[in-house]
Amino acid sequence: MTGNVVAHVVVTPVYEDRIASSRLFKELKLALGRDVFVVAVDDGSVREPVEPSAIAAAGLKGVVVRLKRNVGHQKAIMVGIGYVAQHLPMATCVVMDSDGEDLPSTIPDLLAPLAADDVDVVVAQRRSRVETVEFKLFYVIYRFLFKLMTGRSISFGNFMALKPSAVKRLAGMHELGIHVAACVLTSKLRVTRQPISRGPRYAGKSKMNFSGLVLHGFQAFMVFAEYVLVRVGIACTAIAAFSLAGILISLLLKLFGHATPGWSSTVMGILALVLSQTGVLTLMTLMLTGIVRGNNLLASNYLELIDEIVPVEKEVALAG
């Protein structure tokens, strides 16, 4: 593999979506010409596996990376970025979904800000979302809770453009396989947001149900587990302090005869219970924070997830 001759690489996870991915490859050719290399990560598809011939038919070079099993689109993207970091280290990388909602025609707009020296990653920030009311409500609540628990704002997904240095950095982070967007936030890379329109799906319906969506949201919190635990610990300490203050006030009121019979005992009993529970929770939170801080995990070996790597034959691709 000669990474020095490829200008742009597109990493896209595909799961049981042959029709949509085939259309994506053709539209990539229209948007970027032949100067693009496709890394299609087949996320354990059984009924509709991605074929290299679909990339060749679009007139593009590329490779199909087949995974041993379905691992989810975040780990599939991790595998794709790991492959690019190893085999195409000098190429700019675009990460996008294969269902059509990430429009190939907007990739030039996404790539443009990368020309600046102080930008490592350009993420697509949606101008508008054509979603159900339930999804929009969940998304607003999710963003509020994420900001509250982590102190960070998350308003983008998988659609992004990366400089080669950013690809190398993300490939070395174990958080990448948990939640791509959250990993970008915690990577300390210089990120800029580019307003991008969202497109309709090419074919079929989304395979992400509400339960999967909630799980995906919680995975973002997992990336910032240390920050979340610290904030939970602070909240528990504050509650414990207020409980202790309430107990002292109740005791003083009883001593000076300003409390009705039984009132102080009831209040102090409840507050003592709250104090003990928050004390235990605070101790557990501090212990977990220490475990997370001391757990220096290495980046996941993406090769362990790969079943086979099927390249697109050069002569077949050029024939398109």
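Here's what I pulled together on the structure shown here.

## Focus: the nonpolar core
Piece 1. Val39, Leu67, Val79, Met160 and Leu162 are the most contacted members of the largest nonpolar core, which has 52 residues in total.
Piece 2. The contacts of methionine 160, once residues within four sequence positions are left out, are Cys93, Val94, Val95, Leu110, Val121, Val122, Val123, Val180 and Val184.

## A few points about helix 9 (residues 225-255)
Piece 1. The terminal C-alpha atoms of helix 9 lie 45 Å apart, and with 31 residues this matches the ideal 45 Å at 1.5 Å per residue to within 8%.
Piece 2. Taken from the residues just after helix 9, glycine 257 is the one with a positive phi, measuring 75 degrees.

## Brief notes about the packing of aromatic side chains
Piece 1. Scanning the entire structure with this criterion turns up two aromatic pairs.
Piece 2. Taking the centre distance of 6.1 Å and the plane angle of 50 degrees together, the rings of tyrosine 142 and phenylalanine 146 count as tilted. Separated by four residues within a single helix, tyrosine 142 and phenylalanine 146 lie in helix 5 (residues 133-150), roughly one turn from each other. Comparing tyrosine 142 with phenylalanine 146, the two get one shared label, buried.
Piece 3. Centre to centre, the rings of phenylalanine 146 and phenylalanine 224 are 5.6 Å apart; their planes meet at 90 degrees, and the pair counts as edge-to-face. On the criterion of sequence distance, the pair formed by phenylalanine 146 in helix 5 and phenylalanine 224 in the loop between helix 8 (210-223) and helix 9 is long-range, its members being 78 residues apart.
Piece 4. Residue phenylalanine 146 is classed as buried on the basis of its relative accessible area, which comes to 0%.
Piece 5. Since its relative accessible area comes to 0%, phenylalanine 224 is described here as buried.
Piece 6. Counting every residue linked through ring pairs, the aromatic cluster contains Tyr142, Phe146 and Phe224.

## Quick notes on the pairing of strand 2 (residues 37-42)
Piece 1. The buried fraction of strand 2 amounts to six of the six residues, a majority that puts the element mostly inside the structure.
Piece 2. Residues Phe37, Val39 and Val41 of strand 2 are buried on one face, and the alternating residues Val38, Ala40 and Asp42, pointing to the opposite face, are buried as well.
Piece 3. Examined bridge by bridge, strand 1 (residues 8-14) and strand 2 share six bridges and lie parallel to one another. Of the residues in strand 2, the one forming a bridge with valine 14 is aspartate 42.
Piece 4. Between the parallel pair strand 1 and strand 2, the chain is carried across by helix 1 (residues 18-32), and the sense of this crossover is right-handed.
Piece 5. In the sheet, strand 2 pairs with strand 3 (residues 61-67) via six bridges, with the strands oriented parallel.

## Some points on the pattern of salt bridges
Piece 1. Scanning all chains against the criterion turns up six salt bridges.
Piece 2. Residue glutamate 27 is joined to arginine 23 by a salt bridge in which the shortest nitrogen-to-oxygen separation is 3.1 Å. Placement of the pair is glutamate 27 and arginine 23 together in helix 1, with a separation of four residues, close to one helical turn.
Piece 3. Between arginine 66 and aspartate 42 there is a salt bridge, with the nearest N and O atoms lying 3.4 Å from each other. Of the two residues, arginine 66 sits in strand 3 while aspartate 42 sits in strand 2, which places them 24 residues apart along the sequence. Across the pair, aspartate 42 and arginine 66 agree in class, each one buried.
Piece 4. Salt bridges sharing common partners tie together Asp42, Glu51, Arg66 and Glu308.

## Focus on the side chain of threonine 12
Piece 1. Considering the arrangement of structural elements, one finds threonine 12 in strand 1.
Piece 2. We classify threonine 12 as buried; its relative accessible area is 0%.
Piece 3. Reaching out from threonine 12, the side chain makes a polar contact with the backbone nitrogen of serine 98 at a distance of 3.3 Å.
Piece 4. Beyond its immediate sequence surroundings of up to four residues, threonine 12 is in contact with Leu24, Phe25, Val39, Ala40, Val41, Met96, Asp97 and Ser98.

## Considerations on the sheet that holds strand 6 (residues 160-162)
Piece 1. Here we have eight strands laid out as an open sheet, ordered 7-5-6-4-1-2-3-8, and mixed in their pairing. Edge positions in the sheet fall to strand 7 (191-196) and strand 8 (306-311), since each of these pairs with one other strand and no more. Across the sheet, the mean angle from the axis of one strand to that of its neighbour is 20 degrees, orientation sign disregarded.
Piece 2. Both strand 5 (residues 121-126) and strand 7 contribute to a ladder of six bridges, which runs parallel. Looking across to strand 7, one finds that arginine 126 is bridged to isoleucine 196.

Scoring rules and cut-offs
Within any chain, residue numbers begin from 1 and follow the written order of that chain's sequence. This being a predicted model, a pLDDT of at least 70 is required before a residue's local features are given, and a value of 80 or more before pairs of side-chain atoms are given or counted; all residues contribute to the totals for chains, interfaces and linings. Side-chain metrics in this entry use all non-hydrogen atoms of the structure; hydrogen atoms and water are not considered. Among the buried residues, those of types Ala, Val, Leu, Ile, Met, Phe, Trp, Tyr and Cys that are joined through side-chain atoms within 4.5 Å form a nonpolar core. Buried residues are those whose accessible area, probed at 1.4 Å on protein chains only, stays under 20% of the maximum for their type, while exposed residues exceed 50% and partly exposed ones sit between those limits. The contact rule is simple, with two residues in contact once any of their heavy atoms fall within 4.5 Å. Segments assigned H or I by DSSP are reported as helices when at least four residues long, segments assigned E as strands when at least two residues long, and all are numbered from the N terminus. Expected helix span is computed as 1.5 Å times (number of residues minus one). Working definition: a ring pair exists when centres of Phe, Tyr or Trp rings (six-membered ring for Trp) sit within 6.5 Å. Plane angles under 30 degrees give stacked, over 60 give edge-to-face, the rest tilted. Only strands joined by at least two bridges in the DSSP assignment are considered to pair. Crossovers are described as right-handed under a simple rule: with the strands pointing away from the observer, the path leading from the first strand over the helix to the second runs clockwise. Salt bridges are defined by distance alone: a side-chain nitrogen of Lys or Arg within 4 Å of a carboxyl oxygen of Asp or Glu. Between N or O atoms, a polar contact is any pair within 3.5 Å; within protein, one atom must be a potential hydrogen donor and the other a potential acceptor, and residues adjacent in sequence are included only when both atoms are from side chains. Simply put, an axis is a line fit to the C-alpha atoms, just over the touching stretch for a helix, and the angle between two N-to-C directions goes from 0 to 180 degrees.

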